[in-house]
2 protein chains.
Amino acid sequence: MSAHVLVADDILANRKLLQAKLSHEYFQVSTACNGQEAVDLARALQPDIILLDVMMPVMDGFEACEILKADRSTQHIPIVMVTALGDREHRLKGLSAGADDFLTKPVDDFALLSRVRALTKYKLVMDELRSREASGRRMGVIEGDDPNGQMSPARILIVDDNERQARRISLALKDDHLPMTIQEAGGLSGNKNTGIDLLILSLESKSFDPLRICAHFKTAIGTRDLPILVIADFEDEARGMRALELGASDIIMRPIDTEELSARVKTQVRKKRYVDAMRRRLDESMELAITDQLTGLYNRRHMLNQLGQFLNRANRGDGPLSVFIADIDHFKSVNDTYGHDVGDEVLKQFAERMRENVRPADIPCRQGGEEFVVIMPNTAGDVASSVAERVRRHVCGEPFRIDSGKGRLDVTVSLGVATTLSAGETEDDVIKRADEALYEAKHAGRNQVKSRAA
Amino acid sequence: MSAHVLVADDILANRKLLQAKLSHEYFQVSTACNGQEAVDLARALQPDIILLDVMMPVMDGFEACEILKADRSTQHIPIVMVTALGDREHRLKGLSAGADDFLTKPVDDFALLSRVRALTKYKLVMDELRSREASGRRMGVIEGDDPNGQMSPARILIVDDNERQARRISLALKDDHLPMTIQEAGGLSGNKNTGIDLLILSLESKSFDPLRICAHFKTAIGTRDLPILVIADFEDEARGMRALELGASDIIMRPIDTEELSARVKTQVRKKRYVDAMRRRLDESMELAITDQLTGLYNRRHMLNQLGQFLNRANRGDGPLSVFIADIDHFKSVNDTYGHDVGDEVLKQFAERMRENVRPADIPCRQGGEEFVVIMPNTAGDVASSVAERVRRHVCGEPFRIDSGKGRLDVTVSLGVATTLSAGETEDDVIKRADEALYEAKHAGRNQVKSRAA
């Protein structure tokens, strides 16, 4: 995969050298000669990776890094800091500025290309998610960001058949994370492998083929999103490259610098969580379409969809399906007497009481106005009636708080229950019978449950 | 990138051979010994690629291919048909069954690996989109599929500096598509490159470096999603592989078999459209969250969001912002007299008349009930009033059709217009003044426009 790399260095010879190396491998290269230019070009060109020299006039690499990582339009672009060999202080400073990776000068070809390739790996997926999220933001259905604060500890599985080495890695990570060696987990196929955030895989392992493990994790459906950090020997560059080709996300060389290890772990975990958060926001934005804004219950769209699906199952031989319709008594007079704001408060509190008094598998929806529908899969009529009765009792049992808690209002509700009678019934059939039962409850004096169950 | 490959062949030696070759390259392999088993395993294991032998007992490869491509749970999995060398009839039959690619026996290593690698390329993106779409389908906000019928002609750009060859390719494709040679387009940087569906790139071109063109297209923001089909020489396998590494989607060898060409073109275009359709469905599912279900206008959520955004712009120095609130007169009595169904009909027709009579840049929203809000960016008060007046006239000008067209009903509307007065006004300020103007219109006898513009 090709990529667009922005190289920022104040020395022309360095820029030319990096440009030549990257260009030879068919990367597209833009250059900047100080931190400020790097920030401006990154915003304008949206490169895929930024190589940032540390010491530059006007604005140094640390400051540029901080600005780029704080800006939503550039925070997703990986930054590789280029530091002088062995300059631990600069590395530390770069880390706290949010850099994703390091290269030391003079820049070695293998290191350069393996870093750049590793960082372009998830570009396609990231771009895709960012582009869908951008649609959602334009529409205003996605808002806000994830808190950028302290990272919660990550579950890390260390796969190294040399138990002493594995324990040493575990020890280096255990202050910030929850590492577990493969020996502690009781092998690779245990159930403990679920829910982990990062796999650390030693390519020196002898009792299994580490490349095959890498391929296996990147292929299996439950683990293909899991980032893998491989540990390779300096003499075994080729296998390290192969691991990156097979889907590993990053590589660290032996002997392990524990500070570098913890930085790389942090970066991998942060990236995974960034992507997970984007996925979650997309799913949540779709959920908006099935949520009633006022009460947070499901809306009519979802109610009809779910009713159809569960009716199909009931018709295919699952147990009977029940529904009840709940209609708040004399709701119009609440609105007329106290105004719409109080009316909305009543609807919200009613929804809350209903949610608390149905069972976990029941699906409470707002049908519109003061009318609610609860779908009850696999539920016989008598059970449905008793749930409806519990809702009724908890509504009339205690007055509703209105006017931000200052006032009190007695509220009652009438409910009509219906249960599927025979295979082949439609949504309309069931809803119609629940409506008839509700009508009966209203005419019998309200604040009661009537049923048209079989 | 690794992948899970399902190999279906009735001859054990063939299965073993393919399994050994793929496994050596760290692909994960499952095997099936006839078409029926292949279908069952594909559904259960969800492999990334299926290699399907043509002649098998129980169910042959063509039938299995048709079944897999008709099933939503497997239709996205690329299928490579393995046919006898030179068997054109089988190739044709495989094509019409929906196969994505071909290999001929005896299977050559280079061909096998380059095909399999090319097909795994967009797996990550495809998986991501499919998984978000699956969320939407579970919630019922994504429904239906795209029509699987005739493919509309694709815009294809042929990049080959040998003009005679380019024209020959163009000629082979022009019955089904809209091919254009780079010579006809007037070079690579022309505006004609936008909106194309496929790039065909000859690796033999001498006047430019074709690999650099490939990298450029896969890197530039507007074209990175564009599929590239490269044409390579049999003697130049290495460059072909490099092109695939850089992001090309498929490869065809010279001398070009025009039938193979058109099959590969068809597959690439179909894939691009499949992905585009998934993107569109995801965006549409997010749109549901800002759409009023009854009228199709924007809902209150979007109204508030847009009002906030355009107020910010107005405050930053754009022209004034106007809004009007429209409230259908005596709507409650429509509901009471004719029932909710007629009420809904009136709301829908009102929304339609309003949509037709505001300007293209205006944003018509349903605020709730019989109340509508139109946001008018960059619009002075007098213009806003005249648009509101046009809406009023078109509502009272002709009776609404009710009862599915059988009845007629006179409807009128009252409208209140407000315009931003000074920088720093909030949404509430503007809406409140529009509300006051509306109140005035109601009290002055309804069916009129009042304004609180500056």
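Each chain carries its own residue numbering, running from 1 in the written order of its sequence. To read the labels, note that chains go from A and ligands from 1, taken in the order they are written. With pLDDT at 70 or above as the cut-off, local features in this predicted model cover only qualifying residues; side-chain atom pairs require 80 or more to be listed or tallied, and sums for whole chains, interfaces and linings still use all residues. With hydrogens and water excluded, all non-hydrogen atoms of the structure serve as input to the side-chain values.

An unreviewed UniProt entry lists chain A under the name diguanylate cyclase, with Ponticaulis profundi given as the organism. UniProt positions are given in the numbering used here, feature names are shortened, and annotations may be inferred rather than shown by experiment. The UniProt entry for chain A carries this comment under Catalytic activity (unreviewed entry): "2 GTP = 3',3'-c-di-GMP + 2 diphosphate".

Caption draft 1: Just the side chain of Thr120(B), in detail. In this text, helices come from DSSP runs of H or I with a minimum length of four residues, and strands from runs of E with a minimum of two, each type numbered from the N-terminal end. Relative to the elements of secondary structure, Thr120(B) occurs in helix α5 (residues 109-120). For each residue, the accessible area found with a 1.4 Å probe, counting protein chains only, is set against the maximum for its type, and the residue is called buried under 20%, exposed over 50%, and partly exposed in between. Using a relative accessible area of 6% as the deciding quantity, one classes Thr120(B) as buried.

Caption draft 2: Main features of the environment of Gly407(B). Residue and element names in this part refer to chain B. Assignment of secondary structure puts Gly-407 in strand β15 (residues 407-409). Expressed as a C-alpha distance, the spacing of Gly-407 and Pro-320, which sit 87 residues apart in the sequence, is 42 Å. Setting aside residues up to four positions removed in sequence, Gly-407 forms contacts with Phe-400, Arg-401 and Ile-402. Throughout, a contact is declared for two residues whenever any of their heavy atoms are within 4.5 Å.

Caption draft 3: Representation of the interface of chain A and chain B within the structure. At the interface, 58 residues of chain A touch 57 residues of chain B. Buried area is understood as the total, over both parts, of accessible area removed when two parts are fitted together, assessed with a 1.4 Å probe. Interface of chain A and chain B: buried area, both sides summed, is about 4,900 Å²; carbon and sulfur atoms make up 53% of it. When the buried surface of chain A facing chain B is broken down by residue, Tyr26(A), Met139(A) and Met286(A) rank first, second and third, together holding 16% of it. Its salt-bridge partner being Arg224(B), residue Asp127(A) comes within 2.7 Å of it at the nearest N-O pair. Salt bridges are defined as contacts in which a side-chain nitrogen from Lys or Arg sits within 4 Å of a carboxyl oxygen from Asp or Glu.

Caption draft 4: Just the relation of the copies chain A and chain B, in detail. Alignment of copies: least-squares fit on C-alpha atoms of residues with pLDDT of at least 70 in both copies. Mapping chain A onto chain B is achieved by rotating through 180° and translating by 0.0 Å along the same axis, at an RMSD of 0.2 Å. When the rotation and shift are considered jointly, the pair of chain copies conforms to a two-fold rotation axis. Looking at the rotation axis and the C-alpha trace of chain A, the residue lying nearest is Ala289(A), at 2.0 Å. When the interface residues of chain A are mapped onto chain B, 98% of them again fall at the interface, so both copies present the same face.

Caption draft 5: A look at the packing of aromatic side chains. Residue and element names in this part refer to chain A. Pairs were defined over the aromatic rings of Phe, Tyr and Trp, the Trp ring being its six-membered one, requiring ring centres within 6.5 Å. Orientation was assigned from the angle between planes: stacked under 30 degrees, edge-to-face over 60, tilted for the rest. All chains considered together, the criterion is met by two aromatic pairs over all chains. Between the aromatic rings of Phe-350 and Phe-372, the centroid separation amounts to 4.8 Å while the plane-to-plane angle is 50°, which identifies the pairing as tilted. Note that Phe-350 is positioned in helix α14 (residues 340-357) and Phe-372 in strand β13 (residues 371-376), a separation of 22 residues in sequence. Assessed through its relative accessible area of 0%, Phe-372 is described here as buried. For a lysine, the NZ atom is tested; for an arginine, the CZ atom; a charge sits over a ring if that atom is within 6 Å of the ring centre and within 35 degrees of the ring normal. A cation over a ring is seen here: Arg-91 above Phe-102, with NZ or CZ 5.9 Å from the ring centre.

Caption draft 6: Just the domain arrangement of chain A, in detail. What marks off one domain from the next here is an automatic or database domain assignment. Under the domain assignment used here, chain A contains domain 1 (1-144), domain 2 (146-282) and domain 3 (300-452). Placing the centre of domain 2 of chain A and that of domain 3 of chain A at their C-alpha centroids yields a distance of 50 Å.

Caption draft 7: Structural context of the UniProt feature "modified residue: 4-aspartylphosphate" (unreviewed entry) in chain A. Residues and elements named next belong to chain A. When the UniProt feature table is mapped onto this chain, "modified residue: 4-aspartylphosphate" (unreviewed entry) is found at Asp-53. Along the polypeptide, Asp-53 turns up in strand β3 (residues 49-53). The residues touching Asp-53, leaving out its near neighbours within four places in the chain, are Ala-8, Asp-9, Asp-10, Gly-61, Val-82 and Lys-105.

Caption draft 8: Spatial organisation of the pairing of strand β7 (residues 178-181) of chain B. Residues and elements named next belong to chain B. Think of it this way: DSSP has to see at least two bridges between two strands before they count as a pair. Taken together, the four bridges between strand β6 (residues 155-159) and β7 define a ladder with parallel strand orientation. Within β7, the position partnered with Ile-156 by the bridge is Pro-179. By definition, the crossover connecting two strands over a helix is right-handed if that path, from the first strand to the second, turns clockwise as seen with the strands pointing away from the viewer. Of the crossover connections in this fold, the one passing from β6 over helix α7 (residues 163-173) to the parallel β7 is right-handed.

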